[in-house]
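Fold and geometry: a report
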Amino acid sequence: MPEADHDVTEDGSKAPRRRERKPPLNVSGRREVLKTVGAVVGTLTAARCGLLHAAPPLRAQHARPDIETVAQVTAATAIGTPTLIVAGNAAPARWAPLIASSFSETLSTDSPIVLRKTGGQDGVTGANLFDSLASADESGSALLAPGAAILAAQAGDPRVHFDYQRWLPVLLSVSAPIAVGRVDFRRSLRTMLKDRPVRVAVSAPNGLELPTMLALTILSMRVIPISGFGGAEAAIGALRRGEVDVVQLPADSAHPDLLQGLAADGFEPLFAITPTADPSVSIAQDFTTRYEALRGHAPAHPLYPAFKATAAAACVDMALVLPMLTPPAQAARWRHAATLAAAQPEATAMAKNDGGRLIAGADDASVYAALAPDLSAILALRRWLAEHGPSWRVG
């Protein structure tokens, strides 16, 4: 039964029930309530954006919580004048002017983004600099790095002093290099008795051509890297002179006219190291599909996880990354700016000229995750390199 809203007096009459009223909250009490509500709303917003892990801890009570909260929000969203470190002389150097111009507008920085170019073809020097400045740079810094720097880290290059797995990806430009050459993939007694090595043109044994070397090894080929070929033209010349058997061509070099000329000389596209963005215009099957067609089953080689990780790195033409401890508000602004930049006609045209595509927003995290395999895959890769490295140097 519902509770009565009246009291019965001694003479039997009814009188309205008197309800006790709680005293109103004082100023400090209201502030504490508003502070708690604001903290809950901020936490839910960060969780929805996937940034809860980077949210700063709640502070203890202070004498002026309203002023301090405003200061925290202002510091978290202010970007100032960030520095964009350009690692290497390849794709990042081409992308740097366009990205600096676009992001200076969409980020609303105090002044145009400062470009800091570093030498080296593979970008290791710039990546080392970025990691050393990440914790000390109050204005914020970002890095434009090629996939070659990540490949060097995967292979255990002693020059590497950075941890790419602690980078926060913002914008990626990816493509699919293609292996071209003349190789007999049939496993017959005659081919096994010959034991003829497959010579691969490489810039370095742990360079961008590493996925092709791993793929041929998984296909039971005895691989010999021939170093010193830093560009596609030099590698193609060596292929036509018979100095090497296989070359790995970047997507922007593997145009139909070139491939037709190579086919006339007896060289064919062997495989793409990863699936292309548009299968309808794919020049060659990706390696996994080609392996299944040749062997009748999926790859089960111990080096296959290492191949997938190195292939993902070799496909990265350019990666725009932030330090892992970037405040969530700043990271959100960088990602928003990356989404706007990826939609610009100039950016899409540049990515298309490179034979690839731009990835921004939520998709870049899943693509970047492929660069960080299990520890067993990294150990298998480095063991394989250590085992064959001495014979490669002698041979």
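Details of the structure are given in the entry above.
Presented here is a report on the structure given in the accompanying data block. Computed from a predicted model, the values in this text were never measured in an experiment.

Secondary structure assignment for the chain yields 15 helices and 13 strands. Counting contacts in the chain only where the partners sit at least 6 residues apart, residues at least 24 apart contribute 76% of the total. With the model as given, the accessible surface of the chain reaches about 21400 Å², and the carbon-plus-sulfur share is 56%.

Here we come to the sheet that holds strand β3 (residues 83-86). The strand order β4-β3-β5-β12-β6-β13 describes an open sheet built from six strands, whose pairing is mixed. Every interior strand has two partners, whereas the edge strands, β4 (114-117) and β13 (356-360), have only one. With strand direction ignored, the average angle separating the axes of adjacent strands in the sheet is 20 degrees. The pairing of strand β5 (residues 141-145) with strand β12 (residues 316-323) spans three bridges and is classified as antiparallel. Paired with Leu 144 across the bridge in β12 is Leu 320. Contacting β3, β4, β5, β6 (167-175), β12 and β13, helix α3 (residues 91-106) crosses the sheet at an angle of about 50 degrees to β12.

In this section: the packing of aromatic side chains. Taken as a whole, this structure holds eight aromatic pairs when the rule is applied. Pairing Phe 130 with Trp 167 gives two aromatic rings, centres 6.0 Å apart and planes at 75 degrees, and the pair type is edge-to-face. Taken as a pair, Phe 130 in helix α4 (residues 124-134) and Trp 167 in strand β6 lie far apart in primary sequence, 37 residues in all. Residue classification places Phe 130 among the buried positions, given a relative accessible area of 0%. Aromatic pair Phe 162 and Trp 167: ring centres 5.3 Å apart, planes at 20 degrees, arrangement stacked. You'll find Phe 162 and Trp 167 in the same group, each marked buried. Taken together through their ring pairs, the aromatic side chains of Phe 271, Phe 287, Tyr 291, Tyr 304 and Phe 307 make up a single cluster.

Note that Ser 175 resides in strand β6. Of note is the side chain of Ser 175, whose polar atom sits 2.9 Å from the side chain of Asp 317. Excluding residues within four positions of it along the chain, Ser 175 makes contact with Ala 251, Thr 274, Cys 315, Asp 317, Asp 354, Gly 355 and Gly 356.

Glancing now at α3. Between its terminal C-alpha atoms α3 stretches 22 Å, which fits the 22 Å expected from 16 residues at 1.5 Å a residue. Maximal helix bending in α3 amounts to about 30 degrees, located at Pro 97. Among the residues making up α3, those that are buried are Ala 91, Pro 92, Trp 95, Ala 96, Leu 98, Ile 99, Ala 100, Ser 102, Phe 103 and Ser 104. Backbone geometry just downstream of α3 places Ser 108 in the positive-phi region, at approximately 55 degrees.

Take Met 350: it is sitting in helix α13 (residues 345-353). Judged by its relative accessible area of 22%, Met 350 falls in the partly exposed class. Sequence spacing of Met 350 and Arg 94 is 256 residues, and the spatial spacing of their C-alpha atoms is 9.1 Å. When sequence neighbours within four positions are dropped, the list of residues in contact with Met 350 reads Arg 94, Trp 95 and Leu 98.

In this section: the pattern of salt bridges. Scanning all chains against the criterion turns up six salt bridges. Of the charged contacts in the structure, one is a salt bridge between Asp 354 and Arg 94, with a shortest N-O distance of 3.1 Å. Here Asp 354 is found in the loop between α13 and β13, whereas its partner Arg 94 is found in helix α3, with 260 residues between them in sequence. In this structure Asp 354 comes out as buried when scored by relative accessible area, which is 8%. On the basis of relative accessible area, Arg 94 is assigned to the partly exposed category, the value being 42%. Residue Arg 241 pairs with Glu 243 through a salt bridge whose shortest N-O separation is 3.0 Å. A relative accessible area of 37% places Glu 243 in the partly exposed class. One salt-bridge network, in which partners are shared between bridges, spans Asp 122, Asp 157 and Arg 159.

When you tally the buried positions in helix α5 (residues 147-154), you get eight out of eight residues, the bulk of the element. Buried within α5 we find Gly 147, Ala 148, Ala 149, Ile 150, Leu 151, Ala 152, Ala 153 and Gln 154. Once α5 finishes, Gly 156 follows within two positions and takes phi at roughly 80 degrees, a positive value.

Calculation criteria
Residues numbered from 1 in each chain as written. Predicted model: local features only at pLDDT ≥ 70, side-chain atom pairs only at ≥ 80, totals over all residues. Heavy atoms only, no water. Helix = DSSP H or I, 4+ residues; strand = E, 2+ residues; numbered from the N terminus. Contact = heavy atoms within 4.5 Å. Areas by Shrake-Rupley, 256 points an atom, 1.4 Å probe, with all protein chains shown as cover. Pairing = 2+ DSSP bridges. Axes fitted to C-alpha atoms, helices over the stretch in contact; angles between N-to-C directions. Phe/Tyr/Trp six-rings, centres within 6.5 Å; stacked < 30°, edge-to-face > 60°. Buried < 20%, exposed > 50% of the residue type's maximum accessible area, 1.4 Å probe, protein only. Polar contact = N/O pair within 3.5 Å; in protein donor to acceptor, adjacent residues only side chain to side chain. Expected span 1.5 Å × (residues − 1). Bend = angle between axes of the 7 residues up to and from the residue. Salt bridge = Lys/Arg side-chain N within 4 Å of Asp/Glu carboxyl O.

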